[in-house]
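Examination of the molecular architecture
Residues per chain, in single letters:
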Amino acid sequence: VQLQASGGGLVQAGGSLRLSCAASGLTFSRYQMAWFRQAPGKDREFVAYISGTGGITNYVDSVKGRFAISRDNTKNTVNLQLNSLKPEDTALYYCAAVVRSGPRDHAASYGYWGRGTQVTVSS
């Protein structure tokens, strides 16, 4: 299984980015997916979740109304649209696939991880 995240970059506060994660080696539509992020010196943090069909989504409170997760099961991709970015959104962003039962905002529920893509927001 491979998850390859892309789309990160350097952007000014208030700007936007679109992250994409391409999955291979798995029956993608059967996997619930999520994005996590990790800032320097901090623990990995849940950002957004999406069910296998895309009908259910969930977000950490700090990004609600600014970020949007989506997926395209025909292309085996999960995306994260980041709008109204803030300096505190600066982090390495990872996509992940659920492999075990448990809270969907807990990293322990996820067994497949991409390498991450860096998002840096300047003030």
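The following refers to the structure shown. By convention here, each chain's residues receive numbers from 1 onward along its written sequence. Given that the model is predicted, a residue must reach a pLDDT of at least 70 before its local features are reported, and side-chain atom pairs must reach 80 or more before they are shown or counted; all residues, however, enter totals for whole chains, interfaces and linings. The basis for the side-chain values is all heavy atoms of the structure; hydrogens and waters are excluded.

Turning our attention to the side chain of R37. Turning to its location among the elements, R37 is positioned in strand β4 (residues 33-38). Judged by relative accessible area, R37 falls into the buried class, the value being 6%. The definition of a polar contact used here is a pair of N or O atoms within 3.5 Å, where within protein one atom must be able to donate a hydrogen and the other to accept one, and adjacent residues in sequence count solely through side-chain atom pairs. Here Y93 takes part through its side chain, which lies 2.9 Å from a polar atom of the side chain of R37. Put simply, DSSP H or I for four residues or longer makes a helix, DSSP E for two residues or longer makes a strand, and each gets a number counted from the N terminus. Note on classification: 1.4 Å probe, protein chains only; a residue is buried when its accessible area is under 20% of the maximum for its type, exposed when over 50%, partly exposed between these limits.

Looking now at the pairing of strand β3 (residues 17-24). Of the two faces of β3, the one holding L17, L19, C21 and A23 is buried and the one holding R18, S20, A22 and S24 is not buried anywhere. Pairing between two strands requires that DSSP report at least two bridges joining them. The sheet contact formed by β3 and strand β8 (residues 77-82) spans 6 bridges and is antiparallel. Across the sheet, the residue bridging to S20 is N79, located in β8.

So, about the pattern of salt bridges. Salt bridges, as used here, are contacts in which a Lys or Arg side-chain nitrogen is within 4 Å of a carboxyl oxygen on Asp or Glu. Scanning all chains against the criterion turns up 4 salt bridges. Linking E45 and R37 is a salt bridge whose minimum nitrogen-to-oxygen distance equals 2.7 Å. Judged by its relative accessible area of 28%, E45 is partly exposed. The partner of R37 in a salt bridge is D89, with the nearest N and O atoms 3.0 Å apart.

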